[in-house]
Amino acid sequence: MGLRTFVSDAWSWLNYKPMMTAANGGQPHWSLAPQVQATWVPRDDLRRLAAYKILAAYDGNQAGELAVLTGNDAGAERREFGDAAVFVDTALAHLLGKSQQIVVAGAEHAGAEDHDPQAQTAAAVQLLLRGWAEKELLPLRMQAAERKAVLLGDAVYLLAWDPAKGRVRLRTFDPGFYFPVLDEDADPGDYPRRVHLAWEIPEDAERGIKARIRRITYELGPITAATRSTTPDAGRTDRDLVADGTGGWLLETGDVFLADRGDIERTYPWADRPSSTTCYLTDAEWTLDDLRHGQSLDDLPMDKARFRTRSDGEVLHRLDLRLDFLPIIHISNSVADGEHFGQSSLAPVMQVLDELAETDTDSARASATTGAPIIGLAGARAEVDRVTGRPRPLTVEPGTIFQLADGGRMDVLDTSGQLAELRARVEEIRERAAVNARLPAVSLGTVNPSDVPSGYALQLSLGPLDSLVDAMRLARAHKYGLLFKMVQRLHQAGQAEGWPAGENLPVRLAFGPHTPTDRSAVLDEVVRGVGADVLSLETGVRMLQDAGYPIEDAREEVQRIAVRRVETAPAGIRSAEPGEEQGATSPEEA
């Protein structure tokens, strides 16, 4: 008897399910998701897509239905009451906090008396980013994308310049459509140089449309130009070609040909040195009949491709986007440790969720026998059906009277004790799941506030949740900073009005507090710290903002406080300059 292949990868926590390792080599069951067995799907992505399918089934209370499809008939009786969705929504709520704020470093100092130009620029960029986020409904899109990240382990943002609206558009994609081409020798944390967004479009028999694949590819490569007849001179741009009419190489505006290296370089608005790299976009479709066996997503036949066109008629085949980066952001739910993809928040508790569903199923069965108990009668005369001549089944309902003969008796099967044990078992398993998921009962709303002995005990119970949220936010900090950097660059490339050229400013996404905070204690700390000159006013306002006070803009709040100080100051009293005392008439008197 041969041993089953042992598979250890980023989705090994699902190996206990036969549907995940049913096929040879540890590949998923063929009926789990038929589309993942298509020839165009890379073999390395089969288990990832199957894991997404299983997690989505748990989230939608369809795990039993999925088990039936994979050959487990007992799954039809599985009782699921949304425990997985509750865990996901709770983790999501604590991750995002009560609010999210775009913060540009140095923007809070823009109202200072020295009028630092860098601070003024930071404040302007912060205002532009917040305006863009409001127009693009960033909180709403974050809610959708981050829920996928918490549930599936991954989420994908796509940025694109919209000339009609004059701003960057933000879209979210299902991570099942995301196929990065990862270099085996590169660090898994490195940004890929080629990414596919691909999905299968089903057949439409009524319209006569065959099943097809759509693939959108973003790829970094050297800048190329269309050749006419001659080679351009070194340093010649397209403006020179138009001016002298020689009809040499056709270059984009601002591109420079280097004859000694044979490269074409371009200086981007956000860079201080030229670059020979650009991003190409290809958007094409193939019918399944066009594919030969063994052709995966990265090597589809280009001679069979049908390229899409842009609204202005531009064919989307290696279209130069005039960017030196891929405008795609991959969000990982966990801190990467040699893996490109993240891990679902349900990964540690999948088996516990199965146990909970099985116990709920047993509890439902016990409830049926407790509410409608099994009754045994001895010495009762059953009524006979005059048509069939057979005894009619006895029914028990309120007001029913049975006539028993001498020595007759009625026995009732009491299952209330088993039902009580099963209910206690359900609570025990649910508590175990909450512990393993690092979501304390108080965060799930299942604890009576009167049962908490003290605020300190409550704070200690929230310790695992704090570490969970810190790890999840750490995994996202760099990605959101990268997203806002790309937003700045795309506006620069599109020559949007008001966006400054030059190097991009560092931006971070500040999440609100995920647990209730003692706002009065924070306020007292800020008042004492600012009053004793151990905290600046800007830092104090930011602390109040993080504590949940309704302060939309820290810089504007600091300015309002400064104006209020001047208005309420007694006549003849002014704010002391550095090195002076209140009321001093000269530096010598000070």
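Located above this text is the structure these notes cover.
Residues numbered from 1 in each chain as written. Predicted model: local features only at pLDDT ≥ 70, side-chain atom pairs only at ≥ 80, totals over all residues. Heavy atoms only, no water.

This paragraph deals with the packing of aromatic side chains. The full count for this structure, using the stated rule, is 9 aromatic pairs. Chaining the aromatic ring pairs together yields one cluster made of Trp11, Tyr178 and Phe341. Directly above the ring of Tyr280 sits Arg318, whose terminal nitrogen or CZ lies 4.1 Å from the centroid. (Phe/Tyr/Trp six-rings, centres within 6.5 Å; stacked < 30°, edge-to-face > 60°. Lys NZ or Arg CZ within 6 Å of the ring centre and 35° of its normal.)

Quick look at the nonpolar core now. Where a protein is soluble and globular, its nonpolar side chains tend to be buried together. Grouped together as the largest cluster of nonpolar side chains are 116 residues, with contacts concentrated most on Trp132, Leu346 and Phe484. Take this core: its biggest share by element is 11 residues, from helix α11 (residues 463–493). Judged by nonpolar contacts, the second largest core, of 10 residues, contains Val522, Val526, Val530 and Ile561. (Core = buried A, V, L, I, M, F, W, Y, C linked by side-chain atoms within 4.5 Å. Buried < 20%, exposed > 50% of the residue type's maximum accessible area, 1.4 Å probe, protein only. Helix = DSSP H or I, 4+ residues; strand = E, 2+ residues; numbered from the N terminus.)

Below, the discussion takes up unusual backbone geometry. You will see that Arg322, though not glycine, has its phi angle at about 60 degrees, which is positive. Overall, the relative accessible area of 27% leaves Arg322 in the partly exposed class.

Attention shifts here to the pattern of salt bridges. Taken as a whole, this structure holds 32 salt bridges when the rule is applied. Taking the shortest distance from any N to any O, the salt bridge between Arg147 and Asp59 comes out at 3.0 Å. Residue Arg147 is found in helix α5 (residues 138–152), and its partner Asp59 is found in helix α1 (residues 46–59); the two are separated by 88 residues along the sequence. For Glu77, the salt bridge goes to Arg365, with nearest N and O atoms at 2.4 Å. Note that Glu77 is positioned in the loop between α2 (63–69) and α3 (83–96) and Arg365 in helix α7 (residues 350–371), a separation of 288 residues in sequence. On the accessibility criterion, Glu77 (43% relative accessible area) is partly exposed. With a relative accessible area of 44%, Arg365 lands in the partly exposed category. (Salt bridge = Lys/Arg side-chain N within 4 Å of Asp/Glu carboxyl O.)

Below, the discussion takes up the packing of α3 against α11. Where α3 contacts α11, the two axes come as close as 9 Å, and the packing angle between them is 70 degrees. The angle between α3 and α11 places the two elements in the roughly perpendicular class. For the pair α3 and α11, the sense of crossing is right-handed. On α11, the residues that touch His94, Leu95 and Leu96 of α3 are Leu465, Val469, Met472, Arg473 and Arg476. (Axes fitted to C-alpha atoms, helices over the stretch in contact; angles between N-to-C directions. Parallel < 35°, antiparallel > 145°, perpendicular 65-115°, else oblique. Left-handed = near helix turned anticlockwise from the far one by under 90°. Contact = heavy atoms within 4.5 Å.)

This paragraph deals with the sheet that holds strand β2 (residues 154–162). Pairing within the open sheet is antiparallel, and its 3 strands lie in the order β3-β2-β12. The sheet is open, and its two edges are formed by β3 (167–173) and β12 (328–332), each paired on a single side. Across the sheet, the mean angle from the axis of one strand to that of its neighbour is 25 degrees, orientation sign disregarded. Where β2 and β12 come together, 5 bridges link them in antiparallel fashion. Opposite Tyr157, over in β12, you have Ile329 as the bridge partner. Relative to the sheet, α5 contacts β2, β3 and β12, its axis offset from that of β2 by approximately 150 degrees. (Pairing = 2+ DSSP bridges.)

Across a regular strand the side chains alternate sides, sitting on one face of the sheet and then on the other. With 7 of 8 residues buried, strand β5 (residues 194–201) is to be regarded as a mostly interior element. Relative to β5, strand β4 (residues 178–180) runs antiparallel, the two sharing 3 bridges. Residue Tyr178 lies in a different strand from β5, and its bridge partner there is Leu197. Pairing between β5 and strand β6 (residues 212–222): 8 bridges, direction antiparallel. Residue pairing across strands places Arg194 opposite Glu219, the latter belonging to β6.

Next up on the list: the packing of α1 against α7. In the contact formed by α1 and α7, the axes pass within 12 Å of each other and the chain directions differ by 40 degrees. Relative to α7, the element α1 lies oblique. Handedness of the α1/α7 crossing: left-handed. Between α1, through Ile54, Leu55 and Tyr58, and α7, the contact on the second element is made entirely by Met350, Leu353 and Asp354. Here the contact of α1 with α7 is composed, by residue class, of 5 nonpolar, no polar and 1 charged. (Nonpolar A, V, L, I, M, F, W, Y, C, P; charged D, E, K, R; others polar.)

A rise of 1.5 Å per residue sets the reference length of helix α12 (residues 519–531), with its 13 residues, at 18 Å; its end C-alpha atoms lie 18 Å apart and thus fit the reference within 8%. Turning to α12, its buried residues number three or more, namely Val522, Val526, Gly529 and Val530. For α12, the buried positions fall inside an angular range of 90 degrees around the axis, keeping them on one side. Pointing more than 90 degrees away from the buried face of α12 are the exposed residues Ser520, Val527, Arg528 and Gly531. Looking one or two places after α12, you find Asp533, whose phi comes out positive at around 60 degrees. (Expected span 1.5 Å × (residues − 1). Arc of directions from axis to C-beta.)

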